[in-house]
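Descriptive structure summary
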Amino acid sequence: MNPKWWKESVVYQIYPISFKDSNGDGIGDLRGITSKLDYLKDLGVDVIWLCPIYKSPNHDNGYDISDYCDIQQQFGTLEDFDRLLREVHSRGMKLMMDLVLNHTSDEHPWFVESRSSEDNPKRDYYIWRKGKNGGPPNNWESYFSGSVWEHDSTTDSYYLHLYAKQQPDLNWDNPAVVDELHNMIQWWLKKGVDGFRFDAIAHIVKAQGLPDAENPNHLPTVRAYQLFSNLDKVHTLLQNLHDKVLYFYDIMTVGETSGLGPHQALDYVGDTRRELNMVFQFEHMYLDAASPGSGKWEIKPWNLIELKKVMSEWQTVLHNQGWNANYLGNHDQPRPVSRFGNDLNFRVPSAKMLATFLLTLEGTPYIYQGEEIGMTNPSFDSIEDYRDVETLNFYHERRERGVPEEEIMKAIRKKSRDNARTPMQWDNTEHAGFTSKGQPWINVNSNYMEINVAAAQKDPDSIYNYYKALIALRKEHKVMVYGEYKLLLPLHTEIYAYTRTFEENKLLVILNFFDQQPVFEWPNDLNPEGAKLLISNYKTAAEEDILKLQLRPYEARVYLIS
Ligand code: GLC
Ligand code: CA
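Residues numbered from 1 in each chain as written. Chains lettered and ligands numbered in written order. Predicted model: local features only at pLDDT ≥ 70, side-chain atom pairs only at ≥ 80, totals over all residues. Heavy atoms only, no water.

A few words on the pairing of strand β15 (residues 495-502). Counting buried positions over the eight residues of β15 gives seven, a clear majority of the element. The pairing of strand β14 (residues 484-488) with β15 spans five bridges and is classified as antiparallel. By the bridge assignment for β15, glutamate 484 is matched with threonine 501. What sits between the antiparallel neighbours β14 and β15 is a turn of six residues, in which leucine 489 has the positive phi angle 45 degrees. Judged from the eight bridges that link them, β15 and strand β16 (residues 505-512) form a sheet pairing that is antiparallel. Bridged to arginine 500 within β16 is leucine 507. (Buried < 20%, exposed > 50% of the residue type's maximum accessible area, 1.4 Å probe, protein only. Helix = DSSP H or I, 4+ residues; strand = E, 2+ residues; numbered from the N terminus. Pairing = 2+ DSSP bridges.)

Below, the structure is given as structure tokens:
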């Protein structure tokens, strides 16, 4: 089992711009985060993952970095950061940074120099090509709509950007770029940070010669995507980073790697690979995409049998070989309770059921801010209310193609990244207590009077207190961390059930994913006599028949069997 602190940790992800504003300008900041550390400690969080706080013109909320070694002015100063880090450590927690190594901002001094002339020493820090037949050098499409190529008139050339045009891709084939990045990572490690999430790391290498894709469609399986994802050289570069830099520190690392299955993931996280501790996989995030090639905006209902299949593969393939990073939501995804639960009639039980799922899988659980109080998608009326560059680009592209407004808005309400980016709901005062006087940079979800931290802390049956109890159980029972996963009832359409086994302990996890009331038949090979109910999102009657459990909507139960 190879015990490690980062396997036993619970991670909480903070999206700084939306977490807590300390100075009334409507923008979350570092001092705001520091003021809420006791809240996170109380919840039981071990590691905070801080989304980018570096200097940035903010076209993609900090994922466009213009100075890796400075703090974005609106978030605070390096002193504020040092204080945050000290305060995190003094509470016995750890801090993981989010590093964007695939690209920088177009305002980064490297890019300003690079674009200035063809013989500038920094020219090859980025990926420049001449146009072809009066158009871009190839037909690849950007994640954020349109070509990956932007024409630059200074040198009549194009630069490559997989994301927004303000995010030019770095050229990792250039050893000078690799050196610069290694040195920068050292700089943060010497400050004492405890780990990194490596953004978009699967894409740092592009296919030799940048050939045209056969089908320039979007995610996740079409050819263009394969030409810049998970290529062999990514592993060489990561091993190099590991051996030269990361190896010397007791840190945790997780890479964002879309477009791979668990076998391929072992190339990143396999115990003998010397690369990363974990990766964020995307297979479960694409279960509601209409077709593999259609991208995230064309939606179909997800299906429980497929969810079980995907999650079970990751659980079993990585067991004893690597380690999973489990998540149901983050700053790029809709709110889990709106997507996989039921935020209309069963918000509380379904959010608790999903929490039970997240915290009882093998792997490190990642909780995204607000998930612990069951925050929902905001369903804004108008495109004016949305801020995200991906969403706005998608909207304009579809409008230009003549797609009806309402059709586009329907997809946006379900899938926009802004679903997860509305301000954290702290209490029932104006702007949900996120900001004292300012207008928040994006509207607060209108349900904050009901859904907020203050209310949740007071209510013993709240989602928040349920998360807290689950986290405490995870610390108490090693089987929740290290137990081997085995799926039961693979073809049941409503119940997701599995066991976890570690030494002489076994967990039985029973999750009803819908509002129907199916019967769960106790497995023959598990002794019901010695079964102790560790946690459930419903009160249970003393005289119930455990051999034939009539489940209630979204009911979740975890039994410890010895
Ligand atoms: C990752 C981030 C996302 C960002 C993109 C470009 O997917 O999670 O928020 O827009 O990379 O940096
Ligand atoms: Ca602020």
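Moving on, we get to the coordination of the calcium ion (ligand 2). At this site the calcium ion (ligand 2) is bound by Asp21 (OD), Asn23 (OD1), Asp25 (OD), Ile27 (O) and Asp29 (OD), with donor distances of 2.3 to 2.4 Å. As a motif over one chain, the donors of the calcium ion (ligand 2) read D-x1-N-x1-D-x1-I-x1-D. (Donors = N, O, S within 2.8 Å, 3.2 Å for Na, K, Ca; no water.)

We now examine helix α14 (residues 405-415). For α14, every residue scored as buried is listed here: Ile408, Met409, Ala411, Ile412, Arg413 and Lys415. Buried residues along α14 sit in contact with α11 (336-339) and α13 (389-400). (Contact = heavy atoms within 4.5 Å.)

The subject of this paragraph is the sheet that holds strand β2 (residues 47-50). Strand order in this open sheet of eight strands is β11-β10-β9-β5-β2-β1-β13-β12, and the pairing throughout is parallel. The sheet is open, and its two edges are formed by β11 (278-280) and β12 (325-326), each paired on a single side. Bridge analysis of strand β1 (residues 11-14) against strand β13 (residues 364-368) gives three bridges, and the strand direction is parallel. Each residue of the ladder has a partner; that of valine 11, found in β13, is tyrosine 366.

Attention shifts here to the packing of helix α12 (residues 347-359) against helix α16 (residues 463-476). The contact between α12 and α16 brings their axes to 10 Å, and the two run at 20 degrees. One finds that α12 runs roughly parallel with respect to α16. Note that α12 runs across α16; the crossing there is right-handed. Between α12, through Arg347, Val348, Ala351, Lys352, Ala355, Thr356 and Leu359, and α16, the contact on the second element is made entirely by Ile463, Tyr466, Tyr467, Leu470, Ile471 and Arg474. Class assignment for the residues of the contact of α12 with α16 results in nine nonpolar, one polar and three charged. (Axes fitted to C-alpha atoms, helices over the stretch in contact; angles between N-to-C directions. Parallel < 35°, antiparallel > 145°, perpendicular 65-115°, else oblique. Left-handed = near helix turned anticlockwise from the far one by under 90°. Nonpolar A, V, L, I, M, F, W, Y, C, P; charged D, E, K, R; others polar.)

The next thing to look at is the site of ligand 1. Looking at ligand 1, there are 13 residues lining it, with Asp60, Asp199, Glu256, His331 and Asp332 nearest. Measuring from an oxygen atom of ligand 1, one finds a side-chain N or O atom of histidine 103 at 2.9 Å. Residue glutamate 256 places a side-chain N or O atom 2.8 Å away from an oxygen atom belonging to ligand 1. When the free accessible area of ligand 1 is taken as 310 Å², the share hidden by the protein chains comes to 96%. For the shell around ligand 1, the per-class residue count stands at three nonpolar, three polar and seven charged. (Near = heavy atom within 4 Å. Polar contact = N/O pair within 3.5 Å; in protein donor to acceptor, adjacent residues only side chain to side chain. Areas by Shrake-Rupley, 256 points an atom, 1.4 Å probe, with all protein chains shown as cover.)

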